[in-house]
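Listed below, chain by chain, are the residues.
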Amino acid sequence: MEKKALLFVVLAAVIIGAIYLASPLISGFLPKAAPAKIPTRPVITEFFFQLDLATSTLSWEAGQYNGFINFRFAEIGRDKDGKVTGVFAMDMTSLKASDSVVEARLKSKEFFEVNRFTNAELAVTELNYFGPAFSADGQPVESYELKGDLTVRGVVQNIRVPLLLSALGNPF
């Protein structure tokens, strides 16, 4: 079984989508949701990809600010019926920003309310292969489009995310 590790995930769309989902909170239009449970791993019988948690974070940029969020786990594969499945589980309590005021605001009830909603997840529903490509630093990668359901603050939004994978052999 060949393992793939994530070289570069263009997940700015995840953060933008999360902020989009959280933005109605400012006006009070979002209904109260139950705190998010810790995501459960899908039952995968054939792995395509498992994220190296020691070296991977979800990096984000918003104007002049940037930061990161740690993953709890991330994996993509096929279930026993051959359907593509997987999840990217994010630890929202690990959210860091380049500006402490911005970080505090993002963690507050106004946005992600990380004290109550400690997790966010992207449940993979489809993975489409586009072919070979190059990362921002010129390294050869494989290009995919990942479709899935992003859950932030108990609210689910269907999204599409570009995904670039690099084969690193068997790192274990």
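Residues numbered from 1 in each chain as written. Predicted model: local features only at pLDDT ≥ 70, side-chain atom pairs only at ≥ 80, totals over all residues. Heavy atoms only, no water.

**Student:** Would you mind going over the pattern of salt bridges with me for this structure?
**Tutor:** Counted by the stated rule, this structure contains 6 salt bridges. As a salt-bridge pair, arginine 105 and glutamate 110 come within 2.7 Å of each other at their nearest N and O atoms. Note that arginine 153 is salt-bridged to glutamate 113, the shortest N-O span being 2.8 Å. Of this pair, arginine 153 sits in the loop between strand E7 (140-152) and strand E8 (155-167) while glutamate 113 sits in the loop between helix H3 (100-107) and strand E6 (119-134); the two residues are 40 residues apart in sequence, bridging distant segments of the chain. For the pair arginine 153 and glutamate 113, a shared accessibility class is recorded, and that class is buried. Within the structure, one salt-bridge network assembled from shared partners comprises Lys96, Glu103 and Lys107. (Salt bridge = Lys/Arg side-chain N within 4 Å of Asp/Glu carboxyl O. Helix = DSSP H or I, 4+ residues; strand = E, 2+ residues; numbered from the N terminus. Buried < 20%, exposed > 50% of the residue type's maximum accessible area, 1.4 Å probe, protein only.)

**Student:** Help me understand the confidence of the model for the protein chain, please; the structure alone is not making it clear to me.
**Tutor:** The predicted structure's coordinates, where accompanied by low pLDDT, should not be read in detail. Scored by pLDDT, the protein chain comes out at a mean of 77, with 72% of its residues at no less than 70. Here strand E1 (residues 4-9) stands out as the element of the protein chain with the lowest mean pLDDT, 34, in contrast to H3, whose mean of 96 is the highest. Low confidence marks residues 1-31, where pLDDT is under 50. Its contacts with residues over four positions away, or in another chain, come to 73 contacts. (pLDDT = per-residue confidence, 0-100. Contact = heavy atoms within 4.5 Å.)

**Student:** Can you walk me through the packing of aromatic side chains in this structure?
**Tutor:** Each pair of aromatic rings is reported with the distance of its centres and the angle of its planes. Using the criterion set out here, one finds 2 aromatic pairs in the structure. Ring plane angle 55° and centroid distance 6.1 Å describe the contact between phenylalanine 71 and phenylalanine 88, whose orientation is recorded as tilted. Of this pair, phenylalanine 71 sits in strand E4 (residues 65-78) while phenylalanine 88 is found in strand E5 (residues 84-97), placing the two residues 17 residues apart along the sequence. In this pair, the class of phenylalanine 71 matches that of phenylalanine 88, namely buried. (Phe/Tyr/Trp six-rings, centres within 6.5 Å; stacked < 30°, edge-to-face > 60°.)

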